[in-house]
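Here are the chains, one letter per residue:
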Amino acid sequence: MRVYVKIFFLILLSFLIGCKETNTNEPQEQYYPNYYPDGIGSTFKYSVTENDSLGNLVQEGTRNILFSGTAMYNGINYTTQEDSLDFGSQSAVNTYLVRKTDTGVFYAVDTSQIALLIPDSLKQYVTLRDEMQLLFYPLTTGSNWSLYRITAEVQPGIEIKILDIIASFDGTEYVGLNLDSITVVYPARKVSYTLEFFTEIGSAPETYTASMWYVGNVGLIKYVGNQFIANIGGGGITFVPSPNILTQELIQYDIK
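Treat the numbers as computed from the prediction; the structure is a model and nothing was measured. (Residues numbered from 1 in each chain as written. Predicted model: local features only at pLDDT ≥ 70, side-chain atom pairs only at ≥ 80, totals over all residues. Heavy atoms only, no water.)

**Describing the sheet that holds strand β3 (residues 76-86)**
Inference 1: Taken together, twelve strands build an open sheet; the order of strands is β6-β5-β4-β3-β2-β1-β12-β11-β10-β9-β8-β7 and the sheet is antiparallel. Across the chains shown, the open sheet's two edge strands, defined by having one partner strand only, are β6 (131-136) and β7 (144-155). Mean inter-strand twist for the sheet, computed between neighbouring axes without regard to direction, equals 25°. (Pairing = 2+ DSSP bridges. Helix = DSSP H or I, 4+ residues; strand = E, 2+ residues; numbered from the N terminus. Axes fitted to C-alpha atoms, helices over the stretch in contact; angles between N-to-C directions.)

Right under this line is the structure:
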């Protein structure tokens, strides 16, 4: 009898353990590849070329990014991104604020600059967002999201669109890069960005597009698109419309 009781106890114990292991009510930890490494001290260097609408070279240079520290803005902790663009005859240095969560990558937005896009007659009806969302996780087929949007609610339930930037995940592509004189091919996640800028009420928008390619544990490796939205990868929006195309490719990186 003791043998049967012992066997029954072992069967019951194994059943209870199995139930605990397969309990679907317990939240499962999500893991996504790090498509935007921002460890303090990490550096990225890109080659940059600008071509006009006919494909003629306008200028070429380099872009350097350094994640240098942390900063508090609007009560939120961010990583500071020092971003320098050098075309030889001209250069620019900017500081951006970036943060990451389980749902994506966010940049703080300088709303005083964004406000320049809004007609004076509509400013009283607009509430500006403090962040733009560069990436939305998980990157799955068919996913899209609003990177940034400006609307004026002139009456309850009636909105006038001023600016809209939509991002969409386009799948995986293999991208070859020349890193330190060695050609490396990466399976990269392609995200397309479309910016619509409404200059007049009721008119068709001006449309600008760009694509960015991201690699897990490497980050942004390539950018091809209109100059007008080149800075969205740093949390900014360039306000001078141009048909010129920028191409940016990773040539060196050091992730901390």
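From this point, the discussion proceeds with the structure in view.
**Structural notes on unusual backbone geometry**
Inference 1: A cis amide bond, omega -5°, links Tyr-137 with the succeeding residue Pro-138.
Inference 2: Inspection of the secondary structure assignment puts Pro-138 in the loop between β6 and β7.
Inference 3: One non-glycine residue, Asn-74, lies in positive phi territory at about 55°.
Inference 4: On the secondary structure map, Asn-74 appears in the loop between β2 (57-73) and β3.
Inference 5: If you check the backbone angles, Asp-180 has positive phi at about 50° while not being a glycine.
Inference 6: In this fold, Asp-180 is placed in the loop between β8 (158-179) and β9 (182-197).

**Focus: the pattern of salt bridges**
Inference 1: With the rule as written, the count across this model stands at nine salt bridges.
Inference 2: In this structure, the salt-bridge partner of Arg-99 is Glu-131, at a minimum N-O distance of 2.6 Å. With Arg-99 in strand β4 (residues 91-101) and Glu-131 in strand β6, the pair connects residues that are 32 residues apart, well separated along the chain. Just as Arg-99 is buried, Glu-131 falls in that class too.
Inference 3: Close ionic contact of Glu-173 with Lys-190 constitutes a salt bridge, the shortest N to O distance being 3.7 Å. Of this pair, Glu-173 sits in strand β8 while Lys-190 sits in strand β9, placing them 17 residues apart in sequence.
Inference 4: Accessibility expressed as a relative area gives 32% for Glu-173, which makes it partly exposed.
Inference 5: Each of Arg-149, Lys-161 and Asp-164 takes part in a single network of salt bridges with overlapping partners. (Salt bridge = Lys/Arg side-chain N within 4 Å of Asp/Glu carboxyl O. Buried < 20%, exposed > 50% of the residue type's maximum accessible area, 1.4 Å probe, protein only.)

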